[in-house]
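# Close look at the chain arrangement
As a plain string of letters, each chain reads:
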Amino acid sequence: MNALNQIILEGNVVKQPEKKDFSGGKVCKIPIAVNRRYKNASGSTVDEVSYFDIATFGSLADTCEKWCPKGRGIRVVGRLKQSTWKSEDGVNHSKVEVVAEHIEFKPFFKKTDNANDDGPKSATSTNVSKNKKAKLEALAQAATDTEAENENDSNEEEEITF
């Protein structure tokens, strides 16, 4: 029986991801910062920041290289992986990173130039370029098509043999 090894993190990309190709495929490393705010025993608010290295592989690596610029919020579902090695001077080293199995991209928020509007503006607002709207429409259509295919597949009876 495998032991449970799963982690969910939500944070912001702190540096542009780095993708590398190697003989077994490709990997994209994404450093993120996860913020936590709490009150200590004296009642003071404390802001705590933790930094994590996220590793993605295969097609997810390509996607993350393209869609994870510095500052973007992401939610990562994955597992912890520990790497150990010995340096040339004989010192043992260890590093723990998160191997992503699923990543959700948070929407971008932009400030407008309008002085009367101090709030963030979502990427789906009316000032989004026609090209981006076309891409969003294509993604929505693909999701609808996939959902319809899944419904058709679930309606078909399968013969089960023992």
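Heads up: these notes are all about the structure in this document. Computed from a predicted model, the values in this text were never measured in an experiment. (Residues numbered from 1 in each chain as written. Predicted model: local features only at pLDDT ≥ 70, side-chain atom pairs only at ≥ 80, totals over all residues. Heavy atoms only, no water.)

### Comments concerning the pairing of strand E5 (residues 73-86)
When strand E1 (residues 7-13) meets E5, the two strands line up antiparallel, connected through six bridges. Following the sheet pairing, Asn 12 is matched in E5 by Gly 73. The pairing of E5 with strand E6 (residues 92-105) spans 13 bridges and is antiparallel. If you follow Ser 83 over to E6, its bridge partner there is Lys 95. (Pairing = 2+ DSSP bridges. Helix = DSSP H or I, 4+ residues; strand = E, 2+ residues; numbered from the N terminus.)

### Some remarks on the nonpolar core
Formed by 17 residues in total, the largest nonpolar core has its most connected members in Ile 30, Ile 32, Ile 54 and Ile 74. Elements supplying a minimum of two residues to this core: E1, strand E3 (25-39), helix H1 (59-67), E5 and E6. Apart from the residues lying within four places of it in its own chain, the contact partners of Ile 54 are Leu 9, Cys 28, Lys 29, Ile 30, Ile 32, Val 76, Val 98 and Ala 100. (Core = buried A, V, L, I, M, F, W, Y, C linked by side-chain atoms within 4.5 Å. Buried < 20%, exposed > 50% of the residue type's maximum accessible area, 1.4 Å probe, protein only. Contact = heavy atoms within 4.5 Å.)

### Concerning the environment of Gln 6
Position of Gln 6 relative to the elements: it lies in the segment before E1. Not counting chain neighbours up to four residues away, the residues in contact with Gln 6 comprise Val 77 and Gly 78.

### Some details on the side chain of Thr 56
Mapped onto the fold, Thr 56 is located in strand E4 (residues 45-57). A relative accessible area of 0% means that Thr 56 is categorised as buried.

### A closer look at the pairing of E3
With two bridges connecting them, E1 and E3 associate as antiparallel partners. Across the sheet, Val 13 pairs through a bridge with Ile 32, a residue of E3. Here strand E2 (residues 18-22) runs beside E3; their pairing, made up of five bridges, is antiparallel. By the bridge assignment, Phe 22 is partnered in E3 with Gly 25. If you look at the hairpin formed by E2 and E3, you'll find two residues sitting between the two strands. Bridge count for E3 against E4 is 13 bridges, and the pairing is antiparallel.

### What to know about the pattern of salt bridges
The tally for this structure, following the rule as stated, stands at twelve salt bridges. Here Lys 106 makes a salt bridge to Glu 10, at a shortest N to O gap of 3.9 Å. Of this pair, Lys 106 sits in the loop between E6 and strand E7 (109-111) while Glu 10 sits in strand E1, and the two are 96 residues apart along the sequence. You can call Lys 106 partly exposed: its relative accessible area is 22%. We note a salt bridge from Lys 26 to Asp 62, for which the minimum N-O separation is 2.9 Å. Taken together, the positions of Lys 26 in strand E3 and Asp 62 in helix H1 put the pair 36 residues apart, joining distant regions of the chain. Residue classification places Lys 26 among the partly exposed residues on the basis of a relative accessible area of 26%. (Salt bridge = Lys/Arg side-chain N within 4 Å of Asp/Glu carboxyl O.)

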